[in-house]
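Here is what each chain is made of, one letter per residue.
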Amino acid sequence: MRSGGPKTEAPGPRMSVDIAGIKLKNPVMAASGTFGYGEEFASLVDLNRLGAIITKGISLEPMEGNPPPRIVETVGGMINSIGLQNVGLQAFVKDKLPFLGQFTTPLIANIFGGTIREFGELAKRLGDFPGIAGLEVNISCPNVTKGGVLFGADPKMAHRVVRTVRRSTHLPIIVKLSPNVTDIALIAKAVEEAGGDAISIMNTLMAMAIDPQSRRPLLSTVIGGLSGPAIKPVALRLVWQAVSAVKVPVIGIGGIMTATDALEFIIAGARAVQVGTANFVKPTACLEIIDDIEAYLRENGFEDIGQLVGTLRAS
Amino acid sequence: MMVRVSDQPFPLLRRPFSIHSMAALSKDEGSDIEILYKIAGRGTNLMANWKRGKKLDILGPLGNGFSLPTTTGIQFLVAGGIGVAGLFALSQRMKANGQTCLVFIGGKTREHILCVDEFKALGADVHVATEDGGLGFRGMITDMVMSYLRDHSTPSGFFACGPLDMLKAIAHIAKSQSVPCQVSLETRMACGLGACLGCVIKTRESPLLGSEQAFGEGKGLPYKRVCKEGPVFDSEEVDWGVV
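Undergrad: Tell me about the pairing of strand E7 (residues 107-111) of chain A, residues and numbers included.
TA: Remark: a regular strand shows side chains that alternate across the two faces of the sheet. Residue and element names in this part refer to chain A. In terms of residue burial, E7 counts as a mostly covered element, since five of its five residues are buried. Side chains Leu-107, Ala-109 and Ile-111 project from E7 onto one buried face, and the interleaved Ile-108 and Asn-110 project onto a second face that is buried too. Pairing geometry for strand E4 (residues 52-54) and E7, over two bridges, is parallel. When the bridges of E7 are listed, Ile-54 appears paired with Ile-108.

If you want it as structure tokens, here you go:
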């Protein structure tokens, strides 16, 4: 059942969620790095229908990214090594933000720093723009030599980054964690203690692929980050482990292609989800997932999406 | 265009193709689009088994195309192997514009030479080279272009589509003749919409273009998206040492 049906129908289930004060129309967001700055998808997708848009990672200065080849398809997914190519803070604010400001969908800026100081500086400067509803702090990129997963793999470093960002902004802070850690609960707790308002799990899994004919790696950087349906079970497990460790909301990310995938994360305890690689395959993936989650709620007698969160019948 | 080849998790990503030819049907039916492809891997293998009448999920048209020459005079279209796929629609448009083109097609053997009759039907002169000499000139298509230029006058422009080494060689020939050259590039792509930044090539500032135009996504950044700023680039814009 699609939304906006005949008026005689009973009101649909409530899809809106509140993540650390960010009011989302529904729990489905477009994940960082898979949706550009919105404009790339605007001719194909009604951006006003999305729960939130998370920008491509923004750094203080423009970053040129890694040399090609940067992507390779694998079974049930793809490995990327983009290396955070982005226009930098100044160009983002000048060239990208005005376009995104036209929509009612909350905009969450994904920020990346090579140093702790840079994270603080980005958070401080982005706080000046009313079009930004929140920050997602990327301490989990596997494709950069400075910062990235180096911050996200160590609870002490993660704590320091988040504490610095916390002191630099009043915006809600979502911290995006890496799956490439031994104990996600430890990192999640450190981030919560440092003042993170929400946690998004997960970034890509470190991975590689080889061409046996040439015996060369299929990515210029040899190692990249795996995304797509292949990683969903891993992401789901990490979300499950994190929700029992922290009180702040957890956002599920990893291989979500359909509403069924999204529902799994929500049942495991995620308050919202992000859709990533699916946007590449089907630009309207988020919209279909929103409609189908709503249909599931309706068919199963839920009045509010919140009633479903963390309802896994585990024992 | 980005073509969805499967609704299964593998192969997951759409496959990029150029529009091979366009034929107007009627006012109501729009136009007919042809894709010419080589069976190269899992995706194209699936496509080869598609039956007539299958409904396709295609995103497009995406990116740019060749810019039609504004100068009069003969244009050289140089194709390597399946590269003919990216040049036929251009020759159709050139013909419609009353421009003359000379087509060079190269391949490993005569089985690799496609579309000779189609180009001829458009009134183009076609020259063929095969590496084994099975058809036309024996050798690389770039050698053939070089030898042709020894006895003939320089063209007004080059348009090339094919393997990277061939494009690089054509770019070099064009530069040595001080003639503009447009190349259509192929890279691995995920979205085709400019979002994933997976398909980039390294560029340098072209003396022929303003720097603003030469560097699309993020001025001063060297990597450009083949799906968005391309697939056609001015050969002077491409950093051939890195692509």
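Undergrad: Before we move on, can you summarise the sheet that holds strand E14 (residues 232-234) of chain B with the specific residues and values?
TA: All names here are of chain B. The sheet built from seven strands is open, its strands ordered E9-E8-E7-E6-E10-E11-E14 with mixed pairing. Each having just a single partner strand, strand E9 (137-138) and E14 make up the two edges of the open sheet. The sheet contact formed by strand E10 (residues 157-161) and strand E11 (residues 181-184) spans four bridges and is parallel. Paired with Cys-161 across the two strands is Ser-184, which belongs to E11. Sheet strands in contact with helix H2 (residues 88-96) are strand E6 (75-80), strand E7 (101-107) and E10, and its direction is about 165° off that of E6. Across the sheet, helix H5 (residues 164-176) is in contact with E6, E10 and E11; its angle to E10 comes to roughly 175°.

Undergrad: Outline the side chain of Ser-227 of chain A, listing residues and values.
TA: All names here are of chain A. As for its position among the elements, Ser-227 is in strand E14 (residues 223-227). Looking at Ser-227, the relative accessible area reads 11%, which means it is buried. A distance of 2.7 Å separates the side chain of Ser-227 from the side chain of Thr-277, its partner in a polar contact. Apart from residues lying up to four places away in sequence, Ser-227 is in contact with Gly-76, Gly-77, Met-78, Thr-204 and Thr-277.

Undergrad: Hey, could you go over the nonpolar core for me, with residue numbers and the actual values?
TA: Ranked by size, the top nonpolar core spans 142 residues in total, and within it Phe-92, Ile-139, Leu-177, Ile-201 and Ile-293 of chain A together with Phe-158 of chain B carry the most contacts. A total of seven residues in this core trace back to one element, the largest contributor, which is helix H9 (residues 285-299) of chain A. Residues Leu-90, Cys-101, Val-116 and Ala-124 of chain B belong to the second largest nonpolar core, which totals 21 residues.

Undergrad: Lay out the pattern of salt bridges in plain terms, naming residues and giving numbers.
TA: Residue and element names in this part refer to chain A. The tally for this structure, following the rule as stated, stands at 16 salt bridges over all chains. The partner of Lys-232 in a salt bridge is Asp-261, and the shortest N-O contact between them spans 2.8 Å. Of this pair, Lys-232 sits in helix H6 (residues 232-243) while Asp-261 sits in helix H7 (residues 259-268), placing them 29 residues apart in sequence. For Arg-298, the salt bridge identified is with Glu-294, shortest N-O distance 3.4 Å. Taken together, the positions of Arg-298 and Glu-294, both in helix H9 and four residues apart, correspond to about one turn of that helix. Assessed through its relative accessible area of 10%, Glu-294 is described here as buried.

Analysis parameters
Residues numbered from 1 in each chain as written. Chains lettered and ligands numbered in written order. Predicted model: local features only at pLDDT ≥ 70, side-chain atom pairs only at ≥ 80, totals over all residues. Heavy atoms only, no water. Buried < 20%, exposed > 50% of the residue type's maximum accessible area, 1.4 Å probe, protein only. Helix = DSSP H or I, 4+ residues; strand = E, 2+ residues; numbered from the N terminus. Pairing = 2+ DSSP bridges. Contact = heavy atoms within 4.5 Å. Axes fitted to C-alpha atoms, helices over the stretch in contact; angles between N-to-C directions. Polar contact = N/O pair within 3.5 Å; in protein donor to acceptor, adjacent residues only side chain to side chain. Core = buried A, V, L, I, M, F, W, Y, C linked by side-chain atoms within 4.5 Å. Salt bridge = Lys/Arg side-chain N within 4 Å of Asp/Glu carboxyl O.

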